[in-house]
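Observations on the three-dimensional arrangement
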Amino acid sequence: MTIRFDDQVAVVTGGGRGLGRSYALALAERGAKVVVVDLPRGDGADSDRDPAQSVVDEIVAAGGEAMSSHADVTAMEQVAAMTDAAVDKWGRVDVLVNNAGILRDKSFAKMTPEEFRLVVDVHLFGTFNCCHAAWPRMREQRYGRIVNAISASGLYGNFGQSNYSAAKMGIVGLMNTLHHEGQKYDIRVNCLAPVAATRMSEGLLGEREAELMDPALVAPGLVYLASENAPRKTILNAGCGRFSRTFVYESSGIELMPPQDTAEDIEERWAEISLADDLCAPDSAYDHVGRIVALRAGS
């Protein structure tokens, strides 16, 4: 194992089961001290009632170091206390994995504001809270790796998941800006879009599909994005042992000036506007605007 996390501290939210458990175990196996964050369950067998502690026990039994936390990611004060506890115990926070999440699927016509807000609170604001708590520590030590869980539902849409999709694409926007603000501190921020059989997908998958979608098959992607040589501002897709990247591109477009700049002109030349033969990927909104201005000035 050339990718190691010795003397590093990793925080994994939603770390008690499924993908989060796989991430926590994989990081611990490579030497990380892991804070496993998950809420206790009010149902199930005794062994399932504190999933965070169960994963901690697994890590310790394998010779690693770990601590559990029951912080609710939607509660800023709890997240701050969890981060402080990790720093008090081990002195730093090097890796943050924002994996905690819930689903409240319903078609948009039937979805209530409360159902929409709850999912956004957990995914988007939960990610914000955890990043906000870890950010000063990472800036101070001039090192940090943040991996945010997103979803193909956000990238491409999925029926009945407007709340989940909106939250996940909000996280992509957060990554894009944190990338710029963290560069000089060597804080690298990326997104991981996993495909795996977890509690959130129970009842949606057949037995064969579930076998192919083992969460452990996603963990290598998480390990790479959390590593010292991780990329920056990247969306990595991982599932069933396959890894790919999603890019955001824009076409070169065309110039329309008065009086040929009407909505009808756009409609008529839509195929040219959409032409994908010269795509580019601006690094920032500033670069996007600068490109448009430069094209206009040179015309």
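Above this text is the structure in question.
We now turn to the structure provided with this report.

Brief notes about the layout of surface pockets
Put simply, the second largest pocket is a space of about 490 Å³. If you trace the second largest pocket, you find 20 residues lining it, with Asn176, Lys233, Val248, Pro282 and Asp283 closest to the centre. Taken together, the elements giving at least two residues each to the lining of the second largest pocket come down to helix H6 (162–182), strand E8 (242–246) and helix H11 (285–297). The greatest single-element share of the lining of the second largest pocket, amounting to five residues, is contributed by H6. Looking at the lining of the second largest pocket, its residues break down into nine nonpolar, seven polar and four charged.

Notes on the nonpolar core
Within soluble globular proteins, side chains that are nonpolar tend to cluster in buried spots. The biggest cluster of nonpolar side chains holds 35 residues, and the ones touching the most others in it are Val35, Leu96, Ile146 and Ile150. Residue assignment for this core shows that the elements contributing at least two residues are strand E1 (9–13), strand E2 (33–37), helix H3 (76–90), helix H4 (113–141), H6 and strand E6 (187–195). It is H4 that provides the largest number of residues to this core, a total of seven residues. Contacts of Leu96, omitting those with residues within four sequence positions, involve Val11, Cys130, Cys131, Ala134, Met138, Arg145, Ile146 and Val147. Among the nonpolar cores identified, the runner-up in size contains 30 residues, and Ala26, Leu27, Val56 and Ala66 belong to it.

Some thoughts on the side chain of Asn148
When you line up the elements, Asn148 lands in strand E5 (residues 144–149). The class for Asn148 is buried, based on a relative accessible area of 0%. Those residues in contact with Asn148 that sit more than four places away from it in its chain are Asn98, Thr127, Cys131, Ile171, Met175, Val189, Asn190, Cys191 and Leu192.

Considerations on the pattern of salt bridges
Overall, the coordinates contain twelve salt bridges when judged by the stated rule. Across the pair Asp84 and Arg137 runs a salt bridge whose closest N-O atoms are separated by 2.5 Å. Of this pair, Asp84 sits in helix H3 while Arg137 sits in helix H4; the two residues are 53 residues apart in sequence, bridging distant segments of the chain. In this structure, Lys106 engages Glu115 in a salt bridge whose closest nitrogen and oxygen atoms are separated by 2.7 Å. Salt bridges linked by common partners bring Arg145, Asp186, Arg188 and Arg232 together as one network.

Some details on helix H2 (residues 51–61)
Pro51, Ala52, Val55, Val56 and Ile59 are the residues of H2 that are buried. Here the buried residues of H2 occupy an arc of 145° about the axis, which is enough to place them on one side. Where H2 ends, the next residue or the one after it, Gly63, has phi of about 95°, a positive value.

What counts and what doesn't
Along each chain, residues carry numbers from 1 onward, in the same order as the chain's sequence is written. Where local features are concerned, this predicted model is filtered to residues with pLDDT of at least 70; where side-chain atom pairs are given and counted, the filter is 80 or more; whole-chain, interface and lining totals use all residues. Hydrogens and water molecules were not included; the side-chain quantities draw on all heavy atoms of the structure. In this analysis, the protein atoms alone were mapped onto a 1 Å grid. Cavities are point sets where a 1.4 Å probe fits without being able to get out; pockets are open sets with protein on both sides within 12 Å along at least five of seven lines; lining residues have an atom within 4 Å of a point. Grid points are joined across faces, edges and corners, and a volume is the space filled by probe spheres set on the points. Under the DSSP-based scheme used, a helix requires at least four consecutive residues in state H or I and a strand at least two consecutive residues in state E, with every element numbered from the N terminus. Amino acids outside the nonpolar list (Ala, Val, Leu, Ile, Met, Phe, Trp, Tyr, Cys, Pro) and the charged list (Asp, Glu, Lys, Arg) are all regarded as polar, and Gly is one of them. Here, nonpolar core refers to any group of buried Ala, Val, Leu, Ile, Met, Phe, Trp, Tyr and Cys residues whose side-chain atoms link them within 4.5 Å. Note on classification: 1.4 Å probe, protein chains only; a residue is buried when its accessible area is under 20% of the maximum for its type, exposed when over 50%, partly exposed between these limits. We call two residues contacting when some pair of their heavy atoms lies within 4.5 Å. The working definition used for a salt bridge is a side-chain nitrogen of Lys or Arg within 4 Å of a carboxyl oxygen of Asp or Glu. Note that the arc is defined by the directions from the helix axis to the C-beta atoms.

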